[in-house]
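Read off the chains here:
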Amino acid sequence: MTERMTGMSPPVYLGMPLDPPDPVPGCPICARAARTRSRAQERGFLSAVTDANVRIRRHPHDSARPAL
């Protein structure tokens, strides 16, 4: 049986945000994501900025780097 919580949960501690990733030179997918990120930053669309950062970070560029 589950116990009923009668108090507050302990605080959540978050680390520092990651620095924006650098696009890989010569990669058209990274270049497009970097342009999208730049336009989103100018307009204040932080969710789109995050999406572009994730796309750049996770885009596989060679067989040595695993696709996430």
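Refer to the preceding data block for the structure.
Only a predicted model underlies this, so the values are computations on that prediction, with no experimental measurement involved. For every chain, the first residue of the written sequence is number 1, and numbering continues from 1 along that sequence. Local features in a predicted model are, by the rule used here, given only for residues with pLDDT of at least 70; side-chain atom pairs are given and counted only at 80 or more, and totals for whole chains, interfaces and linings are based on all residues. Excluding hydrogens and water, the side-chain values take into account all heavy atoms of the structure.

A.B. asks: So, the overall build of the protein chain: which residues are in play, and what are the values?
C.D. replies: The numbering of helices and of strands both runs from the N terminus, where a helix is a DSSP run of H or I of at least 4 residues and a strand a run of E of at least 2. Along the backbone of the protein chain there are two helices and zero strands. Burial analysis of the protein chain (68 residues in total) assigns 18% to the buried set. For the protein chain, the share of sequence-separated contacts (at least 6 apart) that also reach a separation of at least 24 residues comes to 40%. If you sum the accessible surface of the protein chain, you get close to 6100 Å²; carbon and sulfur atoms cover 58% of it. Throughout this description, buried means an accessible area under 20% of the type-specific maximum (1.4 Å probe, protein chains only), exposed means over 50%, and partly exposed covers the range between. Contacts: residue pairs with any heavy atoms within 4.5 Å of one another. To measure how exposed things are, a 1.4 Å probe is used in the Shrake-Rupley method; for residues, cover is taken only from the protein chains shown.

A.B. asks: Outline helix 2 (residues 46–58), listing residues and values.
C.D. replies: Take the residue count of a helix, subtract one, and multiply by 1.5 Å to get its expected span. Relative to the 18 Å expected for 13 residues at 1.5 Å per residue, helix 2 spans 18 Å between its end C-alpha atoms, a close match to the ideal helical length. Those residues of helix 2 that fall on the buried side of the exposure criterion are V49, A52, N53 and I56. Taken end-on, helix 2 shows its buried residues confined to a sector of 100 degrees, consistent with a single buried face. As for helix 2, its buried residues are in contact with helix 1 (28–43). The arc in question is the one spanned by the directions pointing from the helix axis to the C-beta atoms.

A.B. asks: Which residues make up helix 1, and what are the values?
C.D. replies: Along an α-helix, a turn takes 3.6 residues, which lines up residues three or four apart on a common side. Between its terminal C-alpha atoms helix 1 stretches 23 Å, which fits the 22 Å expected from 16 residues at 1.5 Å a residue. Within helix 1 the residues assigned to the buried category are C30, A33, A34, R37 and A40. Buried residues of helix 1, seen end-on, are gathered within an arc of 130 degrees and therefore sit on one face of the element. Away from the buried face of helix 1 by more than 90 degrees, exposed residues P28, E42 and R43 are located. At the exit of helix 1 stands G44, carrying a positive phi of roughly 80 degrees.

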